[in-house]
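What follows is each chain in one-letter form.
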Amino acid sequence: IGLTVINLFLLVFLLAQIRRADAQGVAPVLRGRALQIVDTQDRIRAELLVYEAETVNSKKYPDTVLFRMADPKGGPVVKLSASEKGSALGLSDDVNGRVELHANRDKGNFLKVVSREGREQLIKP
């Protein structure tokens, strides 16, 4: 009976230690190359990506961080990007077109409105 009581005491003590260790095991930083948020149907609804600098068809693209949120159909509704050349915010839908706000070191700051037919209007300060 004494040995059983001691074993029971040790079991309760060890279980208490495990719970306490779990509560303190929160990492202060989450690190990775990309982050994706998916819905219950496993469709990507939001993602945070890092693109390294590259050259495609003799056009240079700088290192870029991109945050994109999508609707349930997968269309990009919100895009926010940042690179060494500046940043941009894009809002779009499948019906009316898109709106882009740019702060760019090379091209300056501007607002671009694009209709669904592809007509563009630029607004510069």
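Our subject is the structure that appears above.
Presented here is an overview of the structure given in this document.

What counts and how
Residues numbered from 1 in each chain as written. Predicted model: local features only at pLDDT ≥ 70, side-chain atom pairs only at ≥ 80, totals over all residues. Heavy atoms only, no water. Salt bridge = Lys/Arg side-chain N within 4 Å of Asp/Glu carboxyl O. Buried < 20%, exposed > 50% of the residue type's maximum accessible area, 1.4 Å probe, protein only. Pairing = 2+ DSSP bridges. Helix = DSSP H or I, 4+ residues; strand = E, 2+ residues; numbered from the N terminus. Axes fitted to C-alpha atoms, helices over the stretch in contact; angles between N-to-C directions.

**Some remarks on the pattern of salt bridges**
Side chains bearing opposite charge may pair, as long as their charged atoms lie close to each other.
Point 1. The tally for this structure, following the rule as stated, stands at 8 salt bridges.
Point 2. Its salt-bridge partner being Asp39, residue Arg45 comes within 3.7 Å of it at the nearest N-O pair.
Point 3. Residue Arg45 is classed as partly exposed on the basis of its relative accessible area of 28%.
Point 4. Look at Asp39 and you get buried, because its relative accessible area is 17%.

**Focus: the pairing of strand S6 (residues 76-83)**
Point 1. Bridging between strand S5 (residues 64-70) and S6 involves 7 bridges; their strand directions are antiparallel. The residue bridging Ala70 from the neighbouring strand is Pro76, located in S6.
Point 2. Here S5 hands over to S6 after 5 residues, with Gly74 in that stretch at a positive phi of 95 degrees.
Point 3. The sheet contact formed by S6 and strand S7 (residues 86-93) spans 6 bridges and is antiparallel. Bridge assignment links Ser83 to a residue of S7, and that residue is Gly86.

**Side note on the sheet that holds strand S1 (residues 34-38)**
Across a sheet, strands are paired by hydrogen bonds formed along the backbone, either parallel or antiparallel in direction.
Point 1. In spatial order, the strands read S1-S2-S5-S6-S7-S8-S9-S10; together these 8 strands make up an open sheet with antiparallel pairing. Of all the strands in the sheet, just S1 and strand S10 (120-123) have a single pairing partner and so form its edges. Taken pair by pair, the neighbouring strands of this sheet meet at an average axis angle of 10 degrees, ignoring direction.
Point 2. Examined bridge by bridge, strand S9 (residues 108-115) and S10 share 4 bridges and lie antiparallel to one another. Residue pairing in the sheet places Leu111 in a bridge with Ile123 of S10.

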